[in-house]
Amino acid sequence: MPLLKIVNCTDSILRKKCLKVENIDETLVKLTDNMIETMYAASGLGLAANQVGVSSNLFVIDVGIEKEKRDPVIIINPVITASEELVMAEEGCLSIPEVFAEINRFQHVEIKGYDLKGDALRYEAEGFLARAFQHEMDHLKGILFWDNLSKVKRSIMQRKFKKKLKELVA
Ligand code: NI
């Protein structure tokens, strides 16, 4: 299966709200297969469709994080239906390589969506997995993790990233 190119935060597709998935067809199945492959190849635990250049409202995520066993799932048209207890913890993003920041997220969330068969699914998550769900949900809305920082902190992060980007290109 081909690996997909992960776009970085300079790509405007990451700023657009993803379109609702209306049809689950062969193309979508192939896309999600490749997204899972790409996520693991990049040592990520979650990947939103717009990160591979497709503005569709879905993401893939490894829900086996806590059990240290791979358990990739695809969540189509997700919504967070419950959340509680804000906590700060470090976070990163495959579209902003090598930049990490402490971000406030809910410790517990409930998420609902659909699988590839079009059947409803629901997950209750806490800790790191809950954080990953919120991070991917933000991607689908065109939000990047550093948007949750103060303007000053964000500009420091952006400068760091620009420096990294130059190193990566050089
Ligand atoms: Ni991300």
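Residues numbered from 1 in each chain as written. Predicted model: local features only at pLDDT ≥ 70, side-chain atom pairs only at ≥ 80, totals over all residues. Heavy atoms only, no water.

### Details of the overall build of the protein chain
The following threshold applies: Numbered from the N terminus, helices here are DSSP runs of H or I no shorter than four residues, and strands are runs of E no shorter than two. The cut-offs for exposure are 20% and 50% of the maximum accessible area for each residue type, with area from a 1.4 Å probe on protein chains only; residues under the lower value are buried, those over the upper are exposed, and the others partly exposed. It only takes one pair of heavy atoms within 4.5 Å for two residues to be counted as in contact.
Broken down by element type, the protein chain carries three helices and five strands. Written out in order from the N terminus, the α and β elements of the protein chain read α-β-β-β-β-β-α-α. Overall size of the protein chain, expressed as C-alpha extent along the three principal axes, is 45 × 40 × 30 Å. Across the 170 residues in the protein chain, those meeting the buried criterion constitute 43%. Taking contacts inside the protein chain between residues at least 6 apart in sequence as the whole, the part at least 24 apart equals 64%.

### Description of the nonpolar core
This is how the line gets drawn: Definition of nonpolar core: a set of buried residues of the types Ala, Val, Leu, Ile, Met, Phe, Trp, Tyr and Cys, connected through side-chain atoms within 4.5 Å.
Membership of the largest hydrophobic core comes to 18 residues, with the highest contact counts inside it found for Phe59, Ile61, Val63, Ile75, Ala125, Leu129 and Phe133. Within the residue set of this core, elements represented by two or more residues are strand E2 (58–62), strand E3 (72–93), strand E4 (96–114), strand E5 (120–126) and helix H2 (127–140). When residues in this core are grouped by element, the largest group, six residues, is from H2. Apart from the residues within four sequence positions on either side, Phe59 is in contact with Met35, Leu47, Ala48, Val73, Ile74, Ile75, Pro78, Ile111, Phe133, Glu136, Met137 and Leu140.

### Considerations on the pairing of E4
Test applied: When DSSP finds at least two bridges between two strands, those strands are taken to pair.
Note: E3 against E4, 13 bridges, orientation antiparallel. Across the sheet, residue Ser83 finds its bridge partner in E4, namely Val109. Remark: two residues form the turn of the hairpin made by E3 and E4, two consecutive strands paired antiparallel. With seven bridges connecting them, E4 and E5 associate as antiparallel partners. Considered in E5, the bridge of Lys112 is made with Arg122. From the end of E4 to the start of E5, which pair antiparallel, there are five residues, and Gly118 there has a positive phi angle of about 85 degrees.

### As for the pattern of salt bridges
Test applied: We define a salt bridge as a contact between a side-chain nitrogen of Lys or Arg and a carboxyl oxygen of Asp or Glu at a distance within 4 Å.
Tallied over the full model, the rule gives eight salt bridges. A salt bridge links Glu98 to Lys164, with the nearest nitrogen and oxygen atoms 3.6 Å apart. In this pair, Glu98 is assigned in strand E4 and Lys164 in helix H3 (residues 151–169), connecting sequence segments 66 residues apart. In this structure, Glu124 and Arg122 form a salt bridge, with 2.4 Å as the shortest nitrogen-oxygen distance.

### Overview of the pairing of E3
The pairing of E2 with E3 spans five bridges and is antiparallel. Within E3, the residue paired with Val60 across the bridge is Ile74.

### Concerning the sheet that holds E5
Rules: Structural elements are reduced to axes, namely lines fitted to C-alpha atoms, with helices fitted over the stretch in contact, and the angle between N-to-C directions of any two is expressed from 0 to 180 degrees.
Strand order in the open sheet formed by five strands is E1-E2-E3-E4-E5, with antiparallel pairing between adjacent strands. Pairing within the sheet leaves two strands with one partner each, and these edge strands are strand E1 (46–48) and E5. The mean inter-strand angle of the sheet, taken between neighbouring strand axes irrespective of direction, is 45 degrees.

### Description of the environment of Arg15
In this fold, Arg15 is placed in the segment before helix H1 (26–41). Arg15 sits 61 residues away from Ile76 along the chain, and the two C-alpha atoms are 19 Å apart. Apart from residues lying up to four places away in sequence, Arg15 is in contact with Gly142, Ile143, Leu144, Trp146 and Asp147.

### What to know about the state of the cysteines
Two cysteines whose sulfur atoms are joined by a covalent bond form what is called a disulfide. How we decide: Here, a disulfide means two cysteine sulfur atoms that sit within 2.5 Å of each other.
All chains considered together, the criterion is met by zero disulfides. In this model Cys9 remains outside any disulfide bridge; the closest cysteine sulfur is found in Cys93, 7.8 Å from its own. Classification of Cys9 by relative accessible area gives buried; the value is 13%. The exposure class of Cys93 is buried, given its relative accessible area of 9%.

### As for the confidence of the model for the protein chain
In plain terms, the rule: As a per-residue quantity, pLDDT reports the predictor's confidence and falls between 0 and 100.
Per-residue confidence for the protein chain gives a mean pLDDT of 94; residues scoring 70 or more make up 98%. By mean pLDDT, the top-scoring element of the protein chain is E1 (98), and the lowest-scoring one is H3 (87).

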